[in-house]
Amino acid sequence: MAHIEFKDASAVVIIGSGAGGGTLAHELTRRGIKVVLLEAGKRQSLESFSQVPGEAFGQLTWLDARTQSGDWSVARDFPALPVWHCKTVGGTTVHWTASCPRLQPWELRAKSAYGEIAGTSLIDWPIAYAELEKYYELAERRLGVTRRNGVPGLPASNNFKAMYAGAKKLGYKQVHTGHMAINPRPFDGRGFCIQQGFCVQGCKMGAKWSTLYTEIPRAEATGNLDLRIESTAVKIEHGADGRVNAVVYRDSHGKEQRQKARIVCVAGNAIETPRLLLLSSSSIFPQGLGNSNDQVGRNYCHHITGTVWGIFDKPVHSWRGATLAGVVEDEVINEPRRGFAGGYRMELLALDLPTFSQVGLSYGWGRDFATIIESYRNIAGMFINGEDLPRADNRITLNSSVKDAHGLPVANVHVDEHANDKAMRKHAQGQMTKMYGAIDAKRIVLGPTPPATHNMCTARMSADPREGVTNAWGQTHDIKNLLISDGSALSTPGAANPTLTIVALALRQAEHISEQMKARSI
Amino acid sequence: MDELITLNRRELLKTTTGMLTGLVVAGSPLALIARGPAWAVDLTSLTSSEGTTLMAVARTISPHDKLDDAAYALVIQAIDSDANKDEKVRKTIKDGIASLGPGFTARAENDRVETLKKIESSAFFQFLRQKTVQVLYATPMAYACFGYEGESFSKGGYLLRGFNDLRWLPEVPLEDSGPMPVGA
């Protein structure tokens, strides 16, 4: 591993080691570019992943304080945890469930496809699908995605059999075990899926792709990576020329350090990324970096989610098997006759017992609540993953009344749901209810919207600088050597789980950075 | 396939938050799932009477007739531990118990439910509910009672242990599923 001096101003500094940052670090270092990779969390391994759900949650989750507001149900149901992502080397790729659908061509033209919808801030992507498609193909090969490039699908689990049977009764056609970055057979030095049902706790087989044991060790092997763990970025600095030139961070001892940088790439997930830009305000940029058009933190999207459980009179044992390996894709269409714009997927879901009782069920207690838990053996589950519409005031802001361990304002997450969001959720819950009803469920239980795991669009790419934070390469409109390299840069969320798109964009951005550095443009 | 749960006594009494101490009854592991005073809790902040009242609250919040008191005792132990660490929590709990009035434990379940409904929005009840759900369903006793088999890496996953053994619905055609791994 490289050792890069604090005063060395030739390196690229990447903040965050997840799907975006970890992939970018590998792509740059393998091209011979020196990279300092700052990661706020610790480094776990296949051996150290806890197999106790509560412990694993504590081991991997970003638990620093956040606040929230708005009318979304998460503010009521999970007041201390608006979002659920990771703080560990590998970021959220350590706990993700590895679903890798692509965005659809029309989803990249959301504003044109859906038309003007009052109360939204929809835009079209500044990238055409044909351009993104090349990088989707690269990303799918990199991750070993199932049902692509000759990789077989994962075998059907008990939980999927229930989803499949119900979906077929309703006439759905596109129903399968998903495009998953989970090895059905050994690939790329990683093990194969033994159906543990512990995707979220960190896969001890390494069957699931994570930057923790793919991109990051490969970046280290180039000799060009200086990975600094337990290092929390607190400010990005710039020079009189308005270009960023250093990142200030707290190291594992809480000591302030300053790393000089030629280029800074922010990939701290869509909550911390805008927070850091806002925390980096200066006399030249009093509203924060990249924020001259007051777009940083706005247009926060999180996908329409919500679980649906079917209770049967026979066992399902839903927890046995890959957590999310099943999907119905027929509703990923833009069909306004359903009463809303945009599409949604129905995705398989099982939760371990402790998580099921805390996150999978709506607030309740007493005999009825207990009866549902007592049916745990006989429960099948799925959830909606649908496109939510961006709104300017759904946003991440700094909350100065609550401070983190470094005395800095925490992020506030504000979400007011749009009528379109509510209509889509209702439609999806109705379809899922019919699916389980068609195979004789005794009872359907609608779960809550859980803390958001897909956080997106808070520093979005836009053709027009007044509508977003970055250009089509993730370069901020204001500062060309400051880039956004995570899900914050997605222009709109579509109905696809975001990781594959984040990886594809990181692969594309790495090419761009490399070319721009060679051309001495940045 | 039958459920794959085997537990020893030590595993039964462990949770992510603590372990019951002062075991007084020996016997087969499953004796601990049966009702009976097979355990004792060391309380530091709460009195034994307060502990008993909280136990009745936890049993009203999550009433599982087949789940042994020992599982609920782990909830009480976790609450006691929180009370010991934080004076504000301690006061919330002690005041909350007092607000239930005398004889709460002895009342019929319907009466207990009515009493708790009246204080449902209180910090005391919300804390108790959250703690009960968080601790109770993470106990090995709850796993055993509700059939949850837990982590499987140590046993080779569920690949050959029932992940696809459901037979009351049609099998999924191979094109929408996938082959078993070679050698499995």
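Described in the following lines is the structure provided in the data block.

Attention shifts here to the overall build of chain B. Counting its secondary structure elements, chain B contains 7 helices and 0 strands. The helix and strand sequence of chain B, counted from the amino end, reads α-α-α-α-α-α-α. Taking all 184 residues of chain B together, the buried fraction comes to 40%. Counting only contacts in chain B whose residues sit at least 6 apart along the sequence, the fraction spanning at least 24 positions is 71%.

Turning to the overall build of chain A, a few remarks are in order. Of regular secondary structure, chain A possesses 12 helices and 17 strands. In summary, chain A has a C-alpha radius of gyration of 22 Å against a globular reference of 24 Å for 522 residues, a match within 12%. Seen along its three principal axes, the alpha-carbon backbone of chain A occupies a region of about 70 × 50 × 45 Å. Counting the 522 residues in chain A, one finds 61% classified as buried. Within chain A, contacts between residues separated by at least 24 positions form 75% of all contacts whose residues are at least 6 apart in sequence.

Attention now goes to the environment of Thr 273 of chain A. All names here are of chain A. Structurally, the position occupied by Thr 273 is in helix H8 (residues 269-279). Between the C-alpha atoms of Thr 273 and His 317, which are 44 residues apart in sequence, the distance is 39 Å. Here Thr 273 is in contact with Val 266, Ala 267, Gly 268, Thr 458, Ala 459, Ile 484, Asp 486 and Ser 488, once residues within four sequence places are set aside.

Moving on: the interface of chain A and chain B. Listed as interface residues are 50 residues of chain A and, on the opposing side, 39 residues of chain B. At the level of elements, helix H2 (53-60), helix H6 (158-169), strand S4 (175-176), helix H9 (353-360) and helix H10 (367-374) of chain A are the ones that each hand at least two residues to the side of chain A that touches chain B. Here the element with the most residues in the side of chain A that touches chain B is H6 of chain A; it accounts for 6 residues. Among the residues forming the side of chain A that touches chain B, the class breakdown is 24 nonpolar, 16 polar and 10 charged.

Once that is clear, we can look at the pairing of strand S13 (residues 379-386) of chain A. Working note: regular strand, side chains alternate between the two faces of the sheet. Residue and element names in this part refer to chain A. Of all 8 residues making up S13, 8 are buried, and the element is well covered by its neighbours. Every second residue of S13 is oriented toward a common face, with Ile 379, Gly 381, Phe 383 and Asn 385 on one face and Ala 380, Met 382, Ile 384 and Gly 386 on the other, all of them buried. Note: strand S10 (residues 307-311) against S13, 5 bridges, orientation antiparallel. The residue of S13 that forms the bridge with Val 308 is Met 382.

Moving on: unusual backbone geometry. Residue and element names in this part refer to chain A. Although it is not a glycine, Asp 294 sits at a positive phi angle of roughly 55 degrees. Topologically, Asp 294 is positioned in the loop between H8 and S10. Under the C-beta neighbour-count criterion, Asp 294 is labelled exposed, with 12 such atoms within 10 Å. In this model, His 303 sits at a positive phi of 70 degrees, which is unusual for a non-glycine residue. As for its placement among the helices and strands, His 303 is situated in the loop between H8 and S10.

So, about the sheet that holds strand S9 (residues 263-266) of chain A. Residues and elements named next belong to chain A. Taken in spatial order, the 5 strands of this open sheet run S5-S2-S1-S9-S17, and their pairing is parallel. Of all strands in the sheet, those with a lone pairing partner are strand S5 (225-228) and strand S17 (482-484), marking the two edges. Each strand of the sheet is rotated relative to its neighbour by a mean of 20 degrees, with strand direction disregarded. In this sheet, S17 lies alongside S9 in parallel orientation, the contact comprising 3 bridges. Among the inter-strand pairings, Val 264 is bridged to a residue of S17, identified as Leu 482.

Here the focus is the sheet that holds S13 of chain A. Residue and element names in this part refer to chain A. Across the sheet, 6 strands lie side by side as S4-S11-S12-S13-S10-S16; this open sheet has antiparallel pairing. The two strands at the open ends of the sheet, each matched to only one other strand, are S4 and strand S16 (443-446). Two elements, strand S11 (residues 327-328) and strand S12 (residues 344-348), share 2 bridges in a ladder whose sense is antiparallel. Within S12, the position partnered with Val 328 by the bridge is Met 346. Running at roughly 65 degrees to S13, H6 makes contact with S4, S10, S11, S12 and S13 of the sheet.

Cut-offs and rules
- Residues numbered from 1 in each chain as written.
- Chains lettered and ligands numbered in written order.
- Predicted model: local features only at pLDDT ≥ 70, side-chain atom pairs only at ≥ 80, totals over all residues.
- Helix = DSSP H or I, 4+ residues; strand = E, 2+ residues; numbered from the N terminus.
- Buried ≥ 20, exposed ≤ 12 C-beta atoms within 10 Å, placed from the backbone.
- Contact = placed C-beta atoms within 7 Å.
- Rg over C-alpha atoms; globule rule 2.2 N^0.38 Å.
- Nonpolar A, V, L, I, M, F, W, Y, C, P; charged D, E, K, R; others polar.
- Pairing = 2+ DSSP bridges.
- Axes fitted to C-alpha atoms, helices over the stretch in contact; angles between N-to-C directions.

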